[in-house]
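Architecture and fold: a report
One letter stands for each residue in the lines below.
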Amino acid sequence: MTASVVVSHSGASIPSRPAVFSVIAPGRVNLIGEHTDYNEGLVLPMAIEPHIRLDVAARPDQWMVFESDRPEFRVEVGQTLSPHDFKGSWAAYPCGVVAGLKRLGWDIPGFTARISATLPAGAGLSSSAALEVGVATAVEVLTGKRLPSEQKALLCQRAEHEFAGVPCGIMDQFAVTLGKAGHALLLDCQTRASVYVPLASEAVSVLIIHSGVKHSLADGEYAKRRAECQSAARLLGVASLREISPSDWRDREPSLPDVERRRSRHVVTEHERTLAFVDALNVRDWHAAGECMYGSHASLREDYEVSCKELDLIVDVSRHVDGVFGCRMTGGGFGGCAVALIDAGRAPQIEQLFRSRCRDRTGVDPVTFLTKATGGVALLQ
Ligand code: GLA
């Protein structure tokens, strides 16, 4: 049977077989290098323990079913997929990936993928990239075909552009695909070359603090920042903001309008901070690394204007928690999470203190995750 559109968001009409394999796709947190990927700059994300899991079973028919334990999160789709059928729906992510693989000429059999998650959606921890890369990996297993990692990440990014309407950069899909335990990924978004940067986990831990504000990139502000950066690059006469050095930028910034001046200042200085952060990690100077994070946050708040008062409060609180080296908003912004680099020897106590200091200021305990850098997407053995 071949069908063309979503036929159901509700009850199961077609029985599925028991799961035959499972894929785990991690979320990601970006340590530094924010809003630089679509400016062809450097980013330093790491894959994290909270993840999306897909339990997958082949079907005897041509239907592709994505379901979860919540009936409202269930779709059945046929073999012809169009972005128009998924506007505003979470199903845009998995279906965009399947459509991309079909465009490559892959013959995809019917399957049921049961989705569960320890990774919260809307927290700015790349649940969408995890779902995309997880689905691409599941289809690789089902078909016995393989995509090189870079191509897989780019295909998932394209799915997000075309099906979800989010003009994201490449950071999230690369982090979910290429994550490595104990390491952050320093990715050059111009050349797509990457190196793994070891995180000394006996010395430093990563704490993620949710602002409680749901983050969304689809509401236009993200696309607006992208356009403002393109406009700044045009006015500066470069192909992307990656092309301009800090000293050239300083010489030429007086000619820029205010918005372009501030957006480009963030991008140019964030590049410097990312390099300084990596240097600091390499020489185990945690305080210097932490200052880079605070500098990044101030720049994102003042020049890039993607923070919010809840994230600013968390960063402010972090200054008063002993054992925190640095803290900043992470990901696209406008809500979502902050990330802190903290003393590993006292990590659980620091997490508790952080929560209680936030509670003193806001009346509520924030959701926090103490996490390690993990491997990228994987078939569960
Ligand atoms: C989102 C996007 C990424 C990146 C970050 C900001 O997470 O998906 O591509 O642009 O925002 O650094």
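You'll find the structure just up there.
The notes below deal with the structure included here. Everything numeric in this text was worked out from a predicted model, so none of it was measured. (Residues numbered from 1 in each chain as written. Predicted model: local features only at pLDDT ≥ 70, side-chain atom pairs only at ≥ 80, totals over all residues. Heavy atoms only, no water.)

**Considering the overall build of the protein**
The helix and strand tally for the protein stands at 10 helices and 13 strands. Over its C-alpha atoms the protein spans a radius of gyration of 21 Å, differing by no more than 12% from the 21 Å that the globule rule assigns to 381 residues. Dimensions of the protein along its principal axes, counting C-alpha atoms only, are 65 × 50 × 35 Å. Going through the 381 residues of the protein one by one, you find that 58% of them count as buried. In the protein, the share of contacts with a sequence separation of at least 24, taken over all contacts with a separation of at least 6, comes to 73%. Summed over its atoms, the accessible surface of the protein is roughly 15,300 Å², and 52% of this surface lies on carbon and sulfur atoms. Here the protein contributes 40 positively and 45 negatively charged side chains, and the mean placements of these two sets differ by 3 Å. (Helix = DSSP H or I, 4+ residues; strand = E, 2+ residues; numbered from the N terminus. Rg over C-alpha atoms; globule rule 2.2 N^0.38 Å. Buried < 20%, exposed > 50% of the residue type's maximum accessible area, 1.4 Å probe, protein only. Contact = heavy atoms within 4.5 Å. Areas by Shrake-Rupley, 256 points an atom, 1.4 Å probe, with all protein chains shown as cover. Lys, Arg positive; Asp, Glu negative; His and termini not counted. Charge placed at Lys NZ, Arg CZ, Asp CG, Glu CD.)

**Quick look at the pairing of strand S3 (residues 45–58)**
Taking burial as the measure, the 14 residues of S3 include 10 buried ones, the bulk of the element. Inspection of the sheet shows strand S1 (residues 21–30) paired to S3 by 10 bridges, in the antiparallel sense. Within S3, the position partnered with Ala25 by the bridge is Ile52. Taken together, the 7 bridges between S3 and strand S6 (residues 111–117) define a ladder with antiparallel strand orientation. Paired with Ala57 across the bridge in S6 is Thr112. (Pairing = 2+ DSSP bridges.)

**Describing the sheet that holds strand S2 (residues 42–43)**
An order of S2-S7-S8 is seen for the 3 strands of this open sheet, with the pairing classed as antiparallel. Either end of the sheet is taken by a strand with one partner, and the two such strands are S2 and strand S8 (194–198). Inspection of the sheet shows S2 paired to strand S7 (residues 183–188) by 2 bridges, in the antiparallel sense. In the strand pairing of S7, Leu42 is matched with Asp188. Along the sheet, helix H4 (residues 171–178) contacts S2, S7 and S8; its crossing angle with S7, the most-contacted strand, is approximately 135°. (Axes fitted to C-alpha atoms, helices over the stretch in contact; angles between N-to-C directions.)

**A few points about the site of the ligand**
Every one of the 13 residues lining the ligand counts as a neighbour, but Glu34, His35, Asp37, Asp172 and Tyr222 are closest to it. One of the backbone N or O atoms of His35 is found 2.7 Å from an oxygen atom in the ligand. One of the backbone N or O atoms of Gly332 is found 3.4 Å from an oxygen atom in the ligand. Protein contact buries 98% of the 310 Å² of open area that the ligand shows by itself. (Near = heavy atom within 4 Å. Polar contact = N/O pair within 3.5 Å; in protein donor to acceptor, adjacent residues only side chain to side chain.)

**What to know about unusual backbone geometry**
Although it is not a glycine, Ser126 adopts a positive phi angle of roughly 65°. Ser126 sits in the buried class, given a relative accessible area of 6%. Its identity is not glycine, yet Arg284 carries a phi of approximately 60°, on the positive side. Tracing the chain through its elements places Arg284 in the loop between helix H7 (258–282) and helix H8 (286–302).

**Remarks on the pairing of strand S10 (residues 324–329)**
Counting buried positions along S10 gives 6 out of 6 residues, so the element sits mostly inside the fold. Where S10 meets strand S11 (residues 337–343), 5 bridges bridge the pair, whose relative direction is antiparallel. Bridge pairing in S11 places Cys327 opposite Ala340.

**Observations regarding the packing of aromatic side chains**
All told, the structure shown has 4 aromatic pairs when counted by the stated rule. On the numbers, 5.3 Å between centres and 70° between planes, the contact of Tyr38 with Tyr222 is edge-to-face. In this pair, Tyr38 sits in the loop between S1 and S2 while Tyr222 sits in helix H5 (residues 221–236), placing the two residues 184 residues apart along the sequence. Like Tyr38, the residue Tyr222 is buried in the burial classification. For the ring pair Phe73 and Trp90, a centre distance of 5.6 Å and an interplane angle of 65° mean the geometry is edge-to-face. Residue Phe73 is located in the loop between strand S4 (64–67) and strand S5 (74–77), and its partner Trp90 is located in the loop between S5 and helix H1 (92–103); the two are separated by 17 residues in the primary sequence. Sitting over the ring of Tyr294, Arg319 keeps its end group 3.6 Å from the ring centre. (Phe/Tyr/Trp six-rings, centres within 6.5 Å; stacked < 30°, edge-to-face > 60°. Lys NZ or Arg CZ within 6 Å of the ring centre and 35° of its normal.)

**Some words on the pattern of salt bridges**
For the coordinates displayed, the defined rule picks out 34 salt bridges. A salt bridge links Arg284 to Glu202; the shortest N-O distance between them is 2.7 Å. Here the residue Arg284 occupies a position in the loop between H7 and H8, and Glu202 occupies one in the loop between S8 and strand S9 (204–210), the gap between them amounting to 82 residues. A residue is classified by how much of its surface remains accessible, and Arg284, at 45% relative accessible area, is partly exposed. Among the salt bridges present, the one from Asp258 reaches Arg261, with a minimum N-O distance of 2.8 Å. (Salt bridge = Lys/Arg side-chain N within 4 Å of Asp/Glu carboxyl O.)

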